[in-house]
Amino acid sequence: MTQAANPAKILVIFGTRPEAIKLFPVVAALKADPRFAPVVCVSAQHRSMLDQVLAIAGITPEHDLDLMRPNQTLDGLTAALITELGCVMDAEQPDRVMVQGDTATAMAGALAAYYRKIPVDHVEAGLRSGNIYHPWPEEVNRKIIGSIASLHFAPTSTSEAALLRENVDAARVKVTGNTVIDALHWVLGRIEAEPALASGLDDLAARFAGKRIIGVTSHRRENFGGGLEAIADAIRQIAARPDVAIIFPVHPNPNVRAVMDGALAGLDNVAMIEPLDYPHFARLLSMVEIMLTDSGGVQEEAPALGKPVLVMRETTERPEGVEAGTARLVGTDSARIVSEIFNLLDHKDAYEAMARAHNPFGDGHAACRIVETLGQEFGGHEIGQ
Ligand code: UD1
Ligand code: UDP
């Protein structure tokens, strides 16, 4: 397709692994549409984990702020983000800014755009736990973005309802499905066509052949300290079973590493590995019997693959997986985590009740809906005028 005479410049901003995974389908859809000229700016709030996604998605950002610092603080990171993202906006003069989710990058990007009166489009809008400390600081980040956004792309009718309860104009909310399902379908297709993209797990698959594999991820700030120690304790107890193996790609945050290295090193059936790139993680999801996680994105992906997911949180802003029966909130009490895992391992009925594929988070066409809605925003007139 030929480019429109005056395509709309959409500044797409992201900084962490999950934002990159959830925005690469949207960037691809914008690039394929002649009405738009997307400009990608990464804050690089994450570095290696962001770069893994950029590589597989084939995105070369126009702007890379390289902001990650070891063990960064929320205030230091946020201050740098607002200043640096504002400079990019001043240089690019975009028609609209797009952010995703609830990270510091998304919140600061929305705020810097608001300071310039540039309309903000929010992908994955309307998630609410109702508790500003769970998850922390994401619940407040997404409320700030919600109060600024021009268009709210809600993944589900539940998230739409949460926005309407906050008096957001219904005409500005579009239910699209979550773009993570677009990303997951895409990456599964890539692996099927080219298995070598995920062959780095062959050795672990061979080492743990015959074992019942449990996948673990954990990184939430509100779990630092006691929560992470309890999670590590639970993993030790689960690993005491000889029929089980645990594959745990450990988040590079030093607060996570210190606890997990101290508690879990040297256990034969626990593989603590570096963060996996997206094709390898998708393969891990398909290898496991159960996922144990505090991640947001994994709660959305596991139901799509029919994998029971035990969520190590007190509340969730993603109740759809729980309602569909594939996810269960288990908190961070080690005894509870262990008993929930053993229940699934030892009771076929309990396992089978959870292990059914559902797609409560989307049908894989969210990015198209987002781009179509954005197109309507320009009212069929020549965009950008
Ligand atoms: C961030 C988001 C969180 C999201 C998570 C996804 C905020 C406040 N938090 O949390 O909402 O769920 O990303 O993973 O925006 N690090 C590396 N390499 C990397 C990435 C991180 O070494 O590629 C280390 C650095 O020491 C960094 C630290 O992890 O300072 C914390 O990173 P940060 O983005 O502040 O927090 P996350 O816990 O990753
Ligand atoms: N993920 C990945 N490699 C890993 C762990 C997770 O690619 O080693 C992907 C996962 O498939 C999901 C996303 O990262 O799409 C979730 O990111 P994370 O848990 O860091 O953040 P959250 O979703 O909690 O914000």
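Residues numbered from 1 in each chain as written. Chains lettered and ligands numbered in written order. Predicted model: local features only at pLDDT ≥ 70, side-chain atom pairs only at ≥ 80, totals over all residues. Heavy atoms only, no water.

Going by what an unreviewed UniProt entry lists, the chain is known as UDP-N-acetylglucosamine 2-epimerase (non-hydrolyzing) and is assigned to Novosphingobium umbonatum. UniProt, in its Sequence similarities (unreviewed entry) section for the chain, records the words "Belongs to the UDP-N-acetylglucosamine 2-epimerase family." Its UniProt record gives the chain a comment under Catalytic activity (unreviewed entry), which states: "UDP-N-acetyl-alpha-D-glucosamine = UDP-N-acetyl-alpha-D-mannosamine". (UniProt positions renumbered as here; feature names shortened; annotations may be inferred.)

Draft legend 1. Representation of the overall build of the chain within the structure. Looking only at helices and strands, the chain features 16 helices and 13 strands. Its C-alpha atoms give the chain a radius of gyration of 21 Å, within 12% of the compact-globule value 21 Å for 385 residues. Judged by the C-alpha coordinates and their principal axes, the chain covers about 65 × 40 × 40 Å. For the chain, buried positions account for 57% of its 385 residues. Sequence-distant contacts in the chain: of pairs separated by 6 or more residues, those separated by 24 or more amount to 71%. The positive charge centre, built from 34 side chains, and the negative charge centre, built from 49, are 1 Å apart in the chain. (Helix = DSSP H or I, 4+ residues; strand = E, 2+ residues; numbered from the N terminus. Rg over C-alpha atoms; globule rule 2.2 N^0.38 Å. Buried < 20%, exposed > 50% of the residue type's maximum accessible area, 1.4 Å probe, protein only. Contact = heavy atoms within 4.5 Å. Lys, Arg positive; Asp, Glu negative; His and termini not counted. Charge placed at Lys NZ, Arg CZ, Asp CG, Glu CD.)

Draft legend 2. How the structure looks around the pairing of strand 1 (residues 8-14). Most of strand 1 is tucked away: 6 of the 7 residues are buried. Since strand 1 and strand 2 (residues 36-42) lie parallel, the crossover through helix 1 (residues 17-31) that links them has a hand, and here it is right-handed. Sheet topology places strand 1 next to strand 4 (residues 96-100); 3 bridges connect them, and they run parallel. The residue bridging Val12 from the neighbouring strand is Met98, located in strand 4. (Right-handed = clockwise from strand over helix to strand, strands pointing away. Pairing = 2+ DSSP bridges.)

Draft legend 3. Expanded view of empty space enclosed by the protein. Applying the stated criterion across every chain yields a total of 1 cavity of 30 Å³ or more. Reported here for the largest cavity is a volume of approximately 30 Å³. Looking at the largest cavity, the residues that line it are Val123, Glu124, Phe153, Ala154, Pro155, Thr176, Gly177, Asn178, Thr179 and Ile370. Of the residues assigned to the lining of the largest cavity, the class counts are 5 nonpolar, 4 polar and 1 charged. (1 Å grid on protein atoms, 1.4 Å probe; cavity = no way out; pocket = protein on both sides within 12 Å on 5 of 7 lines; lining within 4 Å. Points joined across faces, edges and corners; volume = space filled by probe spheres on them. Nonpolar A, V, L, I, M, F, W, Y, C, P; charged D, E, K, R; others polar.)

Draft legend 4. Structural context of the side chain of His46. Its place among the elements puts His46 in the loop between strand 2 and helix 2 (48-57). Taking the relative accessible area as the measure of exposure, His46 reaches 15% and is therefore buried. From its side chain, His46 meets the backbone nitrogen of Arg17 in a polar contact 3.1 Å long. Excluding its chain neighbours within four sequence positions, the residues that come into contact with His46 are Gly15, Thr16, Arg17, Met68 and His251. (Polar contact = N/O pair within 3.5 Å; in protein donor to acceptor, adjacent residues only side chain to side chain.)

Draft legend 5. Expanded view of the pairing of strand 11 (residues 290-293). Here strand 11 shows two buried faces, one formed by Ile290 and Leu292 and the other by Met291 and Thr293. Across 4 bridges, the pairing between strand 8 (residues 212-217) and strand 11 is parallel. Bridge pairing in strand 11 places Gly215 opposite Met291. In the sheet, strand 11 pairs with strand 12 (residues 309-311) via 3 bridges, with the strands oriented parallel. The residue bridging Thr293 from the neighbouring strand is Val311, located in strand 12. The handedness of the strand 11 to strand 12 crossover, carried by helix 12 (residues 296-304), is right-handed.

Draft legend 6. Representation of the nonpolar core within the structure. Of all hydrophobic cores here, the largest spans 42 residues; its most connected members are Phe14, Met98 and Tyr278. Looking at this core, the elements with two or more residues in it are strand 1, helix 1, strand 2, helix 2, strand 6 (151-154), helix 7 (179-193), helix 11 (278-287) and helix 16 (366-377). Among the elements that make up this core, the one with the highest residue count is helix 1 (8 residues). Setting aside residues up to four positions removed in sequence, Phe14 forms contacts with Glu19, Ala20, Leu23, Val40, Cys41, Val42, Ser43, Ala44, Leu50, Leu54 and Thr105. Of all hydrophobic cores here, the second largest spans 30 residues; its members include Ile214, Leu264, Leu344 and Met354. (Core = buried A, V, L, I, M, F, W, Y, C linked by side-chain atoms within 4.5 Å.)

Draft legend 7. Spatial organisation of the site of ligand 1. Ligand 1 sits among 24 residues. The nearest are Gln45, His46, Arg69, Ala104 and Glu138. Side-chain polar atom of Glu138 to an oxygen atom of ligand 1: 2.4 Å apart, as the coordinates give it. For ligand 1, an oxygen atom lies 3.4 Å from a polar atom in the side chain of Arg220. Look at ligand 1: alone it shows 740 Å² of surface, and the protein chains cover 94% of it. Its residues assigned to classes, the shell around ligand 1 comprises 9 nonpolar, 10 polar and 5 charged. (Near = heavy atom within 4 Å. Areas by Shrake-Rupley, 256 points an atom, 1.4 Å probe, with all protein chains shown as cover.)

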